[in-house]
Amino acid sequence: MSKATVREIRFGVIGCGLMGREFASAAGRWCHLVDLDFAPRIVAACDTDSAATGWFERNVPTVRLVTADYRRLLDDPQIDAVYCAVPHNLHERIYGDVIRAGKGLLGEKPFGIDLAANRAICGALGEHPDVLVRCSSQFPFFPGAYKIGQWVREGRFGRIIEVEAGFWHSSDLNPDKPINWKRLIAVNGEYGCMGDLGMHVLHLPLRFGWKPRSVRGLLSNVMRERPEGAGRKVPCQTWDNAILACEAAAGGETFPMVLSTKRIAPGHANTWFLNIYGTQLSARFSTRNPKRLAWLPYRAGGEQVWHEIDVPYESAYPAITGGIFEFGFSDAILQMWAAFCDELARGRDMHQPLTCATPEETAASHEVFTAALESQRTGKTIALS
Ligand SMILES: NC(=O)c1ccc[n+]([C@@H]2O[C@H](COP(=O)([O-])OP(=O)(O)OC[C@H]3O[C@@H](n4cnc5c(N)ncnc54)[C@H](O)[C@@H]3O)[C@@H](O)[C@H]2O)c1
């Protein structure tokens with residue numbers, strides 16, 4: 001691809017912390033992707049913490065605007081799109097302002113601290129329907145997960161028997177882990193672990209059309225206090241773990257779907273998984289063993305044999321990495337960024353079909369999490385529309 005035919009998308013980053021830096025790294029190694037006719041260029045960095053923007057100044061040579069005030073970035077006509085990775089209590093205001101400024105937006109989950117905030121963001125989008133707005137979700141771009149998505153699109157599972165999807169961590173098992181904003185209801189939200197991890201779990205089920213019809217939520221707060229910086233213990237009120245027993249439907253038949261988001265799943269570090277059991281095909285993928293894809297094809301009377309392969313590095317957007325090598329977290333981030341830029345540059349004519357999570361999918365996820373909170377409060381199964 002000659003330089004002249006590559007469309008450059010000029011990005012501003014609001015929130016230059018953990019995830020902001022991941023985008024900078026992905027944009028910095030765009031040459032990893034083969035023959036794309038679009039590329040991101042990060043031209044502005046905004047954070048209220050100068051140490052965070054300092055990292056961008058040192059590491060991203062294309063940055064020409066550094067500011068603590070995101071409005072300066074929104075006022076800049078030379079910026080096409082924004083990546084916003086800030087604490088959840090700021091999503092409503094900043095995402096809304098980005099949309100009203102007419103900039104494309106890749107926002108981070110949960111896309112609003114609660115249902116009301118999510119509705120406000122979606123409302124702003126309703127008034128600016130031409131702006132492309134998506135929510136970050138990278139795990140479906142692992143080649144094993146991507147393959148399962150293809151199989152669902154091809155209708156290969158038969159009648160769905162059951163689905164299990166989850167995202168599990170374990171570092172919160174350590175009672176000495178200091179509290180941070182992700183453990184504070186005022187900043188992270190009442191959803192706790194669901195707000196932090198749940199959109200990752202729901203993206204593919206929702207994309208497959210498996211929106212829960214009801215939910216029974218079992219939420220637990222295992223660690224009730226944590227040390228602050230100085231070592232003093234302070235309350236830790238957010239939900240650590242959530243198991244959502246849902247009823248979903250496909251092809252006119254209902255099936256159980258168990259979604260789990262856990263910060264305290266002993267032994268797990270960033271384990272995202274999707275298991276689909278069907279009458280003609282079952283499939284399992286987990287980032288715990290990110291090369292491994294397991295599947296069991298079935299025909300009446302046939303043997304039931306699980307097959308397992310080490311999936312080659314065959315990504316949604318072809319990369320320079322050889323097929324024999326491993327795919328990892330930062331590769332998934334790069335692929336997700338390719339999907340967002342692809343959609344910005346080419347609209348419906350994308351190079352491949354998987355988009356980042358849509359605002360409608362974030363709205364559906366908020367309905368599920370809000371119902372799960374009600375279920376926990378009342379002990380009842382909550383119906384969803
Ligand atoms: N996709 C993923 O896998 C993934 C992983 C972690 C976090 N996240 C999400 O990313 C978002 C950010 O999380 P993080 O882990 O990067 O947090 P972080 O704390 O590392 O970074 C957030 C940054 O926002 C900055 N900030 C706060 N107020 C601001 C303001 N008014 N204007 C500009 N910047 C401001 C902070 O100074 C900080 O640098 C959250 O929504 C979180 O849920 C996504």
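In this report, the structure presented in the accompanying data block is examined. (Residues numbered from 1 in each chain as written. Predicted model: local features only at pLDDT ≥ 70, side-chain atom pairs only at ≥ 80, totals over all residues. Heavy atoms only, no water.)

1. Looking at the site of the ligand
For clarity, the threshold we go by: For this description, a residue counts as near a given molecule or strand if any of its non-hydrogen atoms is within 4 Å of it. Under this definition, polar contacts are N or O atom pairs within 3.5 Å; protein pairs additionally need one hydrogen-donor-capable and one acceptor-capable atom, and for neighbouring residues in sequence, both atoms have to be side-chain atoms. Per-residue accessibility takes into account occlusion by the displayed protein chains alone, with areas from the Shrake-Rupley method and a 1.4 Å probe.
In the vicinity of the ligand lie 24 residues, with Asp-47, His-88, Lys-109, Gln-138 and Lys-182 positioned nearest. Between the ligand and Asp-47, the relevant distance is 2.5 Å, taken from an oxygen atom to a side-chain nitrogen or oxygen of the residue. In the environment of the ligand, an oxygen atom lies 2.7 Å from a nitrogen or oxygen atom belonging to the side chain of Lys-109. Protein contact buries 85% of the 840 Å² of open area that the ligand shows by itself.

2. Side note on empty space enclosed by the protein
Where we set the bar: In the cavity and pocket records, a cavity denotes points on a 1 Å grid over the protein atoms alone where a 1.4 Å probe fits but cannot get out, a pocket denotes an open set with protein on both sides within 12 Å along at least 5 of 7 lines, and lining residues are residues with an atom within 4 Å of a point. Grid points are joined across faces, edges and corners, and a volume is the space filled by probe spheres set on the points. Gly counts as polar in this scheme, as do all residues outside two lists: the nonpolar Ala, Val, Leu, Ile, Met, Phe, Trp, Tyr, Cys and Pro, and the charged Asp, Glu, Lys and Arg. Only DSSP runs of H or I covering at least 4 residues are called helices, and only runs of E covering at least 2 are called strands; the numbering of each starts at the N terminus.
Tallied over the entire structure, the rule returns 2 cavities of 30 Å³ or more. The space that makes up the largest cavity amounts to roughly 40 Å³. For the largest cavity, the full set of lining residues is Pro-143, Gly-144, Pro-290, Lys-291, Val-311, Pro-312, Tyr-313, Phe-325, Glu-326 and Phe-327. Residue composition of the lining of the largest cavity, grouped by class: 7 nonpolar, 1 polar and 2 charged. Taken as a whole, the second largest cavity holds about 40 Å³ of empty space. Taken together, Gly-198, Val-201, Leu-202, Leu-244, Leu-259, Thr-261 and Phe-369 make up the lining of the second largest cavity. Every element with two or more residues in the lining of the second largest cavity is listed here: α8 (193-207) and β12 (253-262). At 3 residues, the largest contribution of residues to the lining of the second largest cavity is made by α8. Among the residues making up the lining of the second largest cavity, the classes are represented as 5 nonpolar, 2 polar and no charged.

3. Let's talk about the pairing of strand β14 (residues 281-286)
To keep it simple, the criterion reads: Burial classes: relative accessible area under 20% of the type maximum marks a residue as buried, over 50% as exposed, and values in between as partly exposed (1.4 Å probe, protein chains only). Two strands qualify as a pair provided that DSSP identifies no fewer than 2 bridges between them.
Summarising burial for β14: 5 of the 6 residues are buried, a large majority. Relative to β14, strand β13 (residues 271-278) runs antiparallel, the two sharing 5 bridges. What sits directly across from Asn-275, in β14, is Arg-284. The hairpin formed by β13 and β14 contains 2 residues between the paired strands. In this sheet, strand β15 (residues 292-297) lies alongside β14 in antiparallel orientation, the contact comprising 5 bridges. Each residue of the ladder has a partner; that of Ala-283, found in β15, is Trp-295.

None of the figures reported here should be taken as evidence of function without further support.
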